[in-house]
Amino acid sequence: MKTAILGGGLSGLTLARLLAARNEEVIVLEAGARPGGLCQSVEKDGFTFDTGGSHIIFSRDQEVLSFMHDVLACNRNVCTRNTKIFYKGLFIKYPFENGLSALPKEDLFFCINEFVKALVAAEKGEFESPANFKDWIYQTFGKGIADCYMVPYNEKIWNYKTDMMSAHWMEGRVPRPPVEDVIRSAIGIETEGYTHQSVFSYPLEGGIEFLLKAIGEPVKERIIADFRVTALRREGERWIIGDGNRTILADRVISTIPLQYLIPTLINVPREVKQAVDDLKYNSLISVSIGIKGDVPPISWMYIPDEKTGLENRISFPSNFSSLAAPEGCGSILAEITYNEGDAISTMSDQDVIDHVICSLSGMGLVSQGSVISTGLFRHKFAYVVYDLHYLKNIAIVREYCEKSGIGLVGRFSRFEYLNMDGCIRNAIDFIRGIE
Ligand SMILES: Cc1cc2nc3c(=O)[nH]c(=O)nc-3n(C[C@H](O)[C@H](O)[C@H](O)COP(=O)(O)OP(=O)(O)OC[C@H]3O[C@@H](n4cnc5c(N)ncnc54)[C@H](O)[C@@H]3O)c2cc1C
């Protein structure tokens, strides 16, 4: 049984590794010059940056966490999260509901009062099941935390109105914060939220791409780079896969490439399926890397909910993840901006985006005149799956079609799900177990 895996990002390489471990014949077809997808890193001017936004290693899933830690072996730095939200010029502890005491008094009252009101309404059973993501935010956090942080931040990162987004993906992902924690945080007693992420790992050397390379090591000879799959068809029991020049034959196909690329490779796709794929929403990403002479604050990463401060929704400080990510005496910052083809950000030149970010960081007091010694900019077309209100209907149509066609779907843009690295690895493990 020869398996062809379309796409050589984290999902593709994990699948290949797992299949090779079962002595199966496998080949990975990757469009890019090298594998990695969203998990690529670059070294520039002595700095190491992740091109697909800042990546940290964490998981609630112990099997997957051990898998990641094992492949990293000694090349693993363990960090304690110190994350902030930039709000009205203040550095508020993250999650927002755990940093309330630092808010201006009026905002603190607004957040607590509305949180209690939402809690009482929930206890009395006054809420109907949330019709959209905005409803879910209001019901879970109350209008105060919603209006100050959750709604503006989410609308910035998703580049989409929260009342036009589905709430289905929140179930199990973000619980209502315990009332005791919210009260503690409001009166200034330290509390931690999202504790599964409060300690995380990062490769000492090589950025997040090291994780990819380590996973792909046993199958590195099985990767064909610069192979953009453009045609996929079945002839009898075999699949014929082409990139316009070359043809590969396989008995099994597992796709980890975006559905928007997979479906056009197939012939005779029903109109309804094509339409469903066209209607799936996603965001693109610009990552801007900044290397500075001097220190950065001891912050892991920081969310920037408002538009006035800058276009970036999050900045991280990779030099705090590993001392080897920046030259001695230097610090690094990575800014993430979401955009969509055709919007105002997409028309900005690279230099304009970089200048904008430096100006915004300087406004936050994070860089000073003349301290910037390195800059870079990276784009990823497929970065975030956006769960709009029609998502569940559309994805069901596409998945059913792929299943009937015998194409396995694994990974973030192939499942078209908001999967982090751990979710992709879990997806790959389960898929391989399913074909045992
Ligand atoms: C800003 C940001 C921050 C993140 N931070 C974290 C984090 O801190 N922790 C975490 O766990 N996760 C994080 N993630 C999620 C993580 O990046 C993804 O879960 C993971 O990288 C997805 O891997 P994948 O292989 O499924 O997809 P991709 O990385 O998208 O890989 C798909 C591959 O398919 C290739 N391809 C596309 N079309 C074709 C074609 N026609 N033929 C052949 N190949 C093709 C692409 O070149 C690519 O290499 C983050 C994501 C983003 C956007």
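Rules behind the numbers
- Residues numbered from 1 in each chain as written.
- Predicted model: local features only at pLDDT ≥ 70, side-chain atom pairs only at ≥ 80, totals over all residues.
- Heavy atoms only, no water.
- Helix = DSSP H or I, 4+ residues; strand = E, 2+ residues; numbered from the N terminus.
- Rg over C-alpha atoms; globule rule 2.2 N^0.38 Å.
- Buried < 20%, exposed > 50% of the residue type's maximum accessible area, 1.4 Å probe, protein only.
- Contact = heavy atoms within 4.5 Å.
- Phe/Tyr/Trp six-rings, centres within 6.5 Å; stacked < 30°, edge-to-face > 60°.
- Near = heavy atom within 4 Å.
- Polar contact = N/O pair within 3.5 Å; in protein donor to acceptor, adjacent residues only side chain to side chain.
- Areas by Shrake-Rupley, 256 points an atom, 1.4 Å probe, with all protein chains shown as cover.
- Nonpolar A, V, L, I, M, F, W, Y, C, P; charged D, E, K, R; others polar.
- Pairing = 2+ DSSP bridges.
- Axes fitted to C-alpha atoms, helices over the stretch in contact; angles between N-to-C directions.
- Arc of directions from axis to C-beta.
- Left-handed = near helix turned anticlockwise from the far one by under 90°.

Undergrad: What am I meant to see in the overall build of the chain here?
TA: Helix and strand counts for the chain come out as 12 helices and 19 strands. The globule rule puts the C-alpha radius of gyration for 436 residues at 22 Å, and the 22 Å found for the chain is close to it. C-alpha extents for the chain along the principal axes are approximately 70 × 55 × 40 Å. Out of the 436 residues in the chain, the part that is buried amounts to 56%. Sequence separation of 24 or more characterises 72% of the internal contacts of the chain that already satisfy a separation of 6 or more.

Undergrad: Help me understand the packing of aromatic side chains, please; the structure alone is not making it clear to me.
TA: The geometry of an aromatic ring pair is captured by the separation of the ring centres together with the interplanar angle, meaning the angle of the planes. For the structure shown, the criterion picks out 24 aromatic pairs. Residues Trp158 and Tyr418 carry aromatic rings whose centres are separated by 5.4 Å and whose planes lie at 85° to one another, so their mutual orientation is edge-to-face. Here Tyr418 lies in the loop between α11 (412–416) and α12 (421–434) and Trp158 lies in helix α4 (residues 133–158), a separation of 260 residues in the sequence. When the ring of Tyr387 is compared with that of Tyr391, the centres are 4.5 Å apart and the planes differ by 75°; the resulting orientation is edge-to-face.

Undergrad: Hey, could you run me through the site of the ligand in this one?
TA: Taken together, 35 residues form the shell around the ligand, and within it Ser11, Glu30, His55, Ile56 and Leu419 come nearest. Contact between the ligand and Ala31: a nitrogen atom at 3.0 Å from a main-chain N or O atom of the residue. Here an oxygen atom of the ligand and a backbone polar atom of Leu419 are 2.7 Å apart. Look at the ligand: alone it shows 1,000 Å² of surface, and the protein chains cover 93% of it. Only α1 (10–21), β18 (372–386) and α12 provide two or more residues apiece to the shell around the ligand. Of the residues belonging to the shell around the ligand, the class tally is 18 nonpolar, 12 polar and five charged.

Undergrad: Just to check I follow, could you spell out the sheet that holds strand β13 (residues 252–255) for this structure?
TA: Remark on secondary structure: sheet strands pair via backbone hydrogen bonds, oriented parallel or antiparallel. Taken in spatial order, the five strands make up an open sheet running β9-β2-β1-β13-β19, and their pairing is parallel. With partners counted over all chains shown, the strands left at the sheet margins are β9 (223–224) and β19 (407–409), one partner each. Here strand β1 (residues 2–6) pairs with strand β2 (residues 25–29) via five bridges, running parallel. Across the sheet, Ala4 pairs through a bridge with Ile27, a residue of β2.

Undergrad: Hey, could you run me through the sheet that holds strand β10 (residues 231–235) in this one?
TA: One open sheet holds the three strands; their spatial order is β10-β11-β12, and the pairing between them is antiparallel. For this open sheet the edge positions go to β10 and β12 (247–250), each flanked by a neighbour on one side alone. Across the sheet, the axes of successive neighbouring strands diverge by a mean angle of 20°, strand direction being ignored. Examined bridge by bridge, β10 and strand β11 (residues 238–242) share five bridges and lie antiparallel to one another. From the neighbouring strand, Arg234 faces β11, where its bridge partner is Trp239.

Undergrad: What exactly am I supposed to notice about helix α6 (residues 209–216) here?
TA: An α-helical turn contains 3.6 residues, so a residue and the one three or four places further along point in the same direction. With six of eight residues buried, α6 lies mostly within the body of the structure. All of the buried residues in α6 are Glu209, Leu211, Leu212, Ala214, Ile215 and Gly216. Contacts from the buried residues of α6 go to α1, β3 (41–44), α2 (62–72) and α12.

Undergrad: What should I look at first to understand the environment of Phe317 in this one?
TA: Along the chain, the position of Phe317 falls in the loop between β16 (314–316) and β17 (330–339). When the C-alpha positions of Phe317 and Pro298 are compared, they lie 8.2 Å apart, and in sequence the two are 19 residues distant. Those residues in contact with Phe317 that lie beyond four places of it in its chain are Val296, Pro297, Ile299, Ser300, Trp301, Ser332, Ile333 and Leu366.

Undergrad: Whenever I open this one, helix α8 (residues 271–279) confuses me. Can you help?
TA: Restricting attention to buried positions, one finds in α8 the residues Val273, Ala276 and Val277. Projected down its long axis, α8 carries its buried residues within an arc of 100°, all on one side. Looking at α8, the residues exposed on the side facing more than 90 degrees away from the buried face are Arg271, Glu272 and Asp278. Buried residues in α8 make contact with α7 (259–262) and α10 (391–405).

Undergrad: Please clarify how the packing of α1 against α12 should be interpreted in this entry.
TA: The angle between the axes and the distance between the axes are what describe a pair of packed helices. One way to put it is that α1 packs onto α12 with a least axis distance of 9 Å and a crossing angle of 35°. In the crossing of α1 with α12, the sense of the turn from one axis to the other is right-handed. When α1 is examined against α12, the residues Leu10, Ser11, Thr14, Leu15, Leu18 and Leu19 are found in contact with a partner set consisting of Met421, Cys424, Ile425, Ala428, Ile429, Phe431 and Ile432.

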